[in-house]
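Descriptive analysis of the structure
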Amino acid sequence: MPVDLNWYLSLSAVLFTLGVLGVLLRRNAIVVFLSIELMLNAVNLSLVAFSQAFGDVDGQVLVFFVMAVAAAEAAVGLAIVIALFRNRETVNIDDISLLRG
Amino acid sequence: MDASLLVGLILLPPIAVSAFNGLVGLFVPAWRGRELLIGTLGTLAVAVPFAAAVALFVGFDAGYLAGHGPPGEVVRYFTWMATGDLSIDFAYRVDQLSLIMTLIVTGVGALIHLYSIGYMKGDSGFWRFFAYMNLFIFAMLNLVLAENLIVLFLGWEGVGLCSYLLIGFWYTDRKNAVAANKAFIVNRIGDFAFLIGLFVLFHALGPALDGPFGFDYATLLAPETLSLLGGGTALAVALLFFLAATGKSAQIPLFIWLPDAMAGPTPVSALIHAATMVTSGLYLLARLSPLMLMAPEAMAVVAVVGAATALMAATIAITQNDIKRILAYSTVSQLGFMFMSAGVGAFFVAIFHVMTHAFFKACLFLGSGSVIHAMHHVEHDLEHRGLLPGHESEGPHGLRAERLPYDGPFDAQDVRTMGGLRRFMPLTAITFLVATLAIAGLPPLAGFFSKDEILYSAFLYGLNDHSWAYFVWIVGLITAVLTAVYMGRCYLLTFEGSPRWPANMDVRPHESPRTMTIPLVVLAVLSALGGFLGLPHVLGQSWIHHWLGAEYGGPVAEPELELAVSPATEWGLLALGAGIAFGGLALAWWWWGRRGLEFDARLRQRSGALYRWASRKWYWDEAYDAAIVQPLVGGARQGLAPFDERVVDGAVNGTAAVIQRAAGVMRLAQTGVVHAYALAIVFGVVLVVALMLFI
């Protein structure tokens with residue numbers, strides 16, 4: 001029995017909401033980072049689901065782009081986190097407000 | 001050779017050499033010392049245009065005499081600006097009037113450049129001097145050769161600039177810088193009138209004409225264009241251009257800058273403030289003569305202002321002691337004569353007097369330069385020997401410092417320190433004498449013919465129902481007597497009698513070098529013979545009238561006069577003119593030739609208040625200071641300065657303060673906490689989605 005599109009979209013929405021809440025509520029920079037990845041993958045899931053439902057590969061192509069960008073972003077982001085940790089000995093983002101006006 | 005090439009040859013050398021000497025002199029200090037090279041280049045840059053002008057002059061008349069179109073040839077280089085009704089060409093006009101002015105400017109200019117090589121020798125600004133002089137020649141040629149009023153205005157401003165640069169040439173002396181400023185500012189007033197005149201003309205003609213209007217003479221001065229101007233517009237334009245002319249040509253009310261302009265080096269006074277630039281106002285009036293003739297009231301103003309200026313300046317000239325100032329007031333007075341003749345419709349006579357005046361006044365100024373040159377050597381010599389007044393000690397030769405004939409320091413330009421110079425500098429003396437006799441109007445020298453023509457045209461105009469012209473004529477006669485008197489005084493006090501400088505048995509002036517005396521001789525010959533170009537009717541044909549006059553195909557219009565003067569009357573007027581010159585000179589000899597300086601004191605006693613007024617220049621400077629300068633400065637200080645401080649500065653500072661406050665509030669939003677930003681983004685997204693869903 002094929003799984004209904006709505007199931008995929010619901011899962012995607014749940015994952016995305018979890019990601020948003022993670023970003024907003026967690027203080028640890030790495031967890032925030034993971035939450036962002038979760039949001040990206042929630043979107044990827046819905047893209048793939050739509051692609052499969054409509055029989056169109058465009059959505060899957062887009063997913064590859066998103067994964068490539070996410071990988072690059074992860075590399076840069078983790079490097080920044082490491083650099084911050086070396087400087088400040090903390091990854092608590094509440095303690096880091098360098099851009100305060 | 002065709003005209004466009006020759007016009008290029010006239011205009012390009014001065015500007016090219018000016019730029020070369022100026023830029024190389026500025027960046028290569030070693031070049032500045034090569035005076036002979038700089039001077040020769042500078043002189044050639046004026047001599048070549050003179051040769052080109054002669055070539056144009058010789059090859060000129062065939063075209064128009066055969067009756068092919070309007071007189072003159074127009075050389076069009078490119079369209080300068082074109083917008084809507086306005087289209088101005090960069091074009092030059094070669095016709096009888098521009099040719100004669102070009103010949104005067106380049107001919108006299110070349111002689112004065114040659115003279116300057118000797119006069120400016122050793123001056124640290126030698127290169128600068130020649131760069132400015134060549135730039136002046138370029139601007140002046142631009143002025144006289146222009147085909148439209150806009151290109152003319154370019155030259156008009158250019159000569160004003162060069163005049164400023166050269167009056168303030170020795171700018172380290174504050175007095176000179178102030179004189180330069182005065183000349184520039186007073187000239188600007190005239191220039192402003194010129195601009196307003198242009199605007200009025202464009203307003204009246206631009207929309208009315210078929211094609212685009214470019215202020216070109218061919219269109220502007222055509223009878224059908226002039227007929228588009230109403231009487232009131234013509235009067236306004238004529239008066240505005242006349243006001244512009246009073247600025248450049250030093251007439252009441254704007255003459256006050258010219259006497260102060262003598263602060264510049266003497267060759268500058270000769271070239272710019274006597275022979276050429278100050279005649280540009282006359283040139284403008286002669287060029288616009290068809291327009292001027294449409295406004296007889298404006299012509300009357302021109303004539304009366306000219307007469308008043310001539311008389312006033314002549315009275316001042318009698319009381320002056322600085323040799324260059326005497327000549328400066330004489331220039332103002334002679335320019336007044338020219339305006340008189342322009343005002344009675346005899347524009348070609350004005351140009352005739354421009355020419356003869358250029359010869360004898362340049363000669364007089366260069367002669368005075370030669371005298372000043374010699375007196376500077378006397379001054380240095382006296383200083384060297386410790387004999388100048390103020391040094392009480394005895395000189396090495398057992399001579400005591402002597403008193404000068406007046407209180408104050410030794411002044412190399414003061415005629416009271418001179419006297420008897422004829423023995424020491426014979427060539428300067430003889431040329432100065434010839435020019436003095438010429439300006440006094442002694443027949444058959446140049447000034448006699450041109451001045452007689454001026455008085456004759458005033459008389460003739462009076463005869464033809466313009467009775468006010470008789471008044472101008474009488475003032476002209478009185479001024480002619482005064483001219484002979486003050487010029488006689490100037491010559492007699494400078495060259496005759498016995499020397500009046502201290503220790504004059506030992507300290508002797510010397511004749512100037514040959515580069516300075518050759519121009520003097522040439523100019524003296526010209527001032528002796530130049531008058532034969534404009535013979536009066538009874539003596540023969542007036543060449544200059546046939547060359548310039550509209551009735552013979554020239555560009556200079558004349559009023560139609562019905563009544564003519566009978567030959568007997570004309571002979572009488574000629575005799576009167578000659579008698580005046582003789583009488584005035586005889587008077588000068590009787591007064592100053594016999595008594596010398598002593599007579600000045602007697603004159604001061606006898607004429608009382610009149611003499612005091614004249615010697616204080618009729619209080620013009622004081623009047624302007626009280627009526628215009630002080631109110632302006634006071635008004636600025638009391639009215640505008642607080643306005644600037646409170647309102648203008650307040651607005652600027654207020655704007656800054658408001659922005660600063662607003663920024664202080666806004667910066668609270670930028671916390672630097674990532675969560676706050678993320679939350680803002682989420683709310684933003686929610687808001688956008690909500691808007692998309694529900695609206």
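Reading the values: the criteria
Residues numbered from 1 in each chain as written. Chains lettered and ligands numbered in written order. Predicted model: local features only at pLDDT ≥ 70, side-chain atom pairs only at ≥ 80, totals over all residues. Helix = DSSP H or I, 4+ residues; strand = E, 2+ residues; numbered from the N terminus. Rg over C-alpha atoms; globule rule 2.2 N^0.38 Å. Buried ≥ 20, exposed ≤ 12 C-beta atoms within 10 Å, placed from the backbone. Contact = placed C-beta atoms within 7 Å. Nonpolar A, V, L, I, M, F, W, Y, C, P; charged D, E, K, R; others polar. pLDDT = per-residue confidence, 0-100. Axes fitted to C-alpha atoms, helices over the stretch in contact; angles between N-to-C directions. Parallel < 35°, antiparallel > 145°, perpendicular 65-115°, else oblique. Left-handed = near helix turned anticlockwise from the far one by under 90°. Pairing = 2+ DSSP bridges. Core = buried A, V, L, I, M, F, W, Y, C linked by C-beta atoms within 7 Å. Expected span 1.5 Å × (residues − 1).

Now for the overall build of chain A. For chain A, the helix and strand inventory stands at three helices and zero strands. Rg of the C-alpha trace for chain A: 17 Å, well past the compact-globule value of 13 Å for 101 residues, more than 25% over. Projected onto its principal axes, the C-alpha positions of chain A cover 55 × 25 × 25 Å. Every one of the 101 residues in chain A was classed for burial, and the buried ones make up 12%. Looking at chain A alone, contacts between residues at least 24 apart form 46% of all its contacts between residues at least 6 apart.

With that out of the way, let us pick up the overall build of chain B. Each helix and strand counted, chain B has 28 helices and two strands in total. Counting only C-alpha atoms, chain B reaches 115 × 75 × 55 Å along its principal axes. Within the span of chain B, comprising 695 residues, buried residues form 49% of the whole. Taking the intrachain contacts of chain B between residues at least 6 apart in sequence as the baseline, contacts between residues at least 24 apart amount to 80%.

At the interface, 10 residues of chain A touch 10 residues of chain B. For the side of chain A that touches chain B, the per-class residue count stands at six nonpolar, two polar and two charged.

One can find Leu166 of chain B in helix H7 (residues 149-167). As for Leu166 of chain B and Phe136 of chain B, which are separated by 30 residues in sequence, their C-alpha atoms are 9.4 Å apart.

Residues and elements named next belong to chain B. As for its placement among the helices and strands, Ala222 is situated in the loop between helix H9 (217-220) and helix H10 (223-226). Classification of Ala222 as partly exposed rests on a count of 14 C-beta atoms within 10 Å. When the C-alpha positions of Ala222 and Pro290 are compared, they lie 8.6 Å apart, and in sequence the two are 68 residues distant.

What follows deals with the confidence of the model for chain B. Residues and elements named next belong to chain B. Summarising the model, chain B shows a mean pLDDT of 89, and 96% of its residues fall at 70 or more. Within chain B, the element-level pLDDT minimum falls on helix H4 (residues 62-65), averaging 48, and the maximum on helix H6 (residues 126-145), averaging 95. Counted against residues more than four places away or in other chains, residues 64-69, with its pLDDT under 50, gives four contacts. When the criterion is pLDDT under 50, residues 392-399 qualifies, and its contacts beyond four places in sequence or with other chains add up to 13 contacts. Both scores are available for the predicted complex, with the pTM at 0.81 and the ipTM at 0.83.

This paragraph deals with the packing of helix H17 (residues 323-343) of chain B against helix H20 (residues 446-463) of chain B. Residue and element names in this part refer to chain B. At a minimum axis separation of 9 Å, H17 and H20 run at an interaxial angle of 40°. As far as their axial angle goes, H20 and H17 are oblique. Here the hand of the crossing between H17 and H20 comes out left-handed. In this structure, H17 contributes Phe337, Met340 and Ser341 to the contact, and H20 contributes Lys451, Ile454, Ser457 and Ala458. The residue makeup of the contact of H17 with H20, split by class, is four nonpolar, two polar and one charged.

Residue and element names in this part refer to chain B. Here nine bridges tie strand E1 (residues 73-83) to strand E2 (residues 86-94), and the two strands are oriented antiparallel to one another. Bridge pairing in E2 links Thr79 to Asp89. As consecutive antiparallel partners, E1 and E2 are separated by two residues, and within that stretch Gly84 has a phi angle of approximately 60°, a positive value.

Here the focus is the nonpolar core. Among the nonpolar cores identified, the biggest contains 221 residues, and Ile351 and Ala362 of chain B are the most heavily contacted of them. With 22 residues, the top contributor of residues to this core is helix H18 (residues 347-385) of chain B. Those residues in contact with Ala362 of chain B that sit more than four places away from it in its chain are Val108, Ile112, Ala270, Ala274, Ala275 and Leu523 of chain B. Counting residues in each nonpolar core, the second largest holds five residues, with Val20, Val23, Val32 and Phe33 of chain A among its members.

The next point concerns helix H19 (residues 426-440) of chain B. Residue and element names in this part refer to chain B. The first and last C-alpha atoms of H19 sit 21 Å apart over 15 residues, in line with the 21 Å expected at 1.5 Å per residue. With 11 of 15 residues buried, H19 lies mostly within the body of the structure. Along H19, the positions that sit buried rather than exposed are Thr428, Ala429, Thr431, Phe432, Val434, Ala435, Thr436, Leu437, Ala438, Ile439 and Ala440. Close packing links the buried residues of H19 with H17, H18, H20, helix H21 (468-495), helix H22 (514-529) and helix H24 (567-595). Following H19 by one or two positions, Gly441 has its phi on the positive side, about 90°.

Residues and elements named next belong to chain B. Of note, the bond from Ile252 into Pro253 is cis; its omega dihedral lies within 30 degrees of zero at 5°. With respect to the helices, strands and loops of the structure, Pro253 is situated in the loop between helix H11 (231-248) and helix H12 (257-260). A cis amide bond links Pro443 to the next residue, Pro444, at an omega of 0°. Mapped onto the elements of the fold, Pro444 is located in the loop between H19 and H20.

Since the α-helix advances by 3.6 residues per turn, residues separated by three or four positions end up pointing in the same direction. With 24 residues, helix H5 (residues 96-119) of chain B ought to run about 34 Å at 1.5 Å a step, and its terminal C-alpha atoms sit 34 Å apart, in line with that. Of all 24 residues that make up H5 of chain B, 23 are buried, and the element is covered over most of its length.

All names here are of chain B. Take Ser98: it is sitting in helix H5. On the basis of neighbour counts, which here come to 25 C-beta atoms within 10 Å, the residue Ser98 falls in the buried class. Sequence spacing of Ser98 and Val144 is 46 residues, and the spatial spacing of their C-alpha atoms is 5.4 Å. Discounting residues that sit within four places of it in the chain, Ser98 has contacts with Arg93, Val144 and Leu145.

Residues and elements named next belong to chain A. In contact at an axis separation of 8 Å, helix H1 (residues 5-25) and helix H2 (residues 29-54) are set at 165° when each is read in the N-to-C sense. As the angle between them shows, H1 and H2 are arranged roughly antiparallel. Crossing angle aside, the handedness with which H1 passes H2 is left-handed. Split by residue class, the contact of H1 with H2 holds 19 nonpolar, six polar and no charged.

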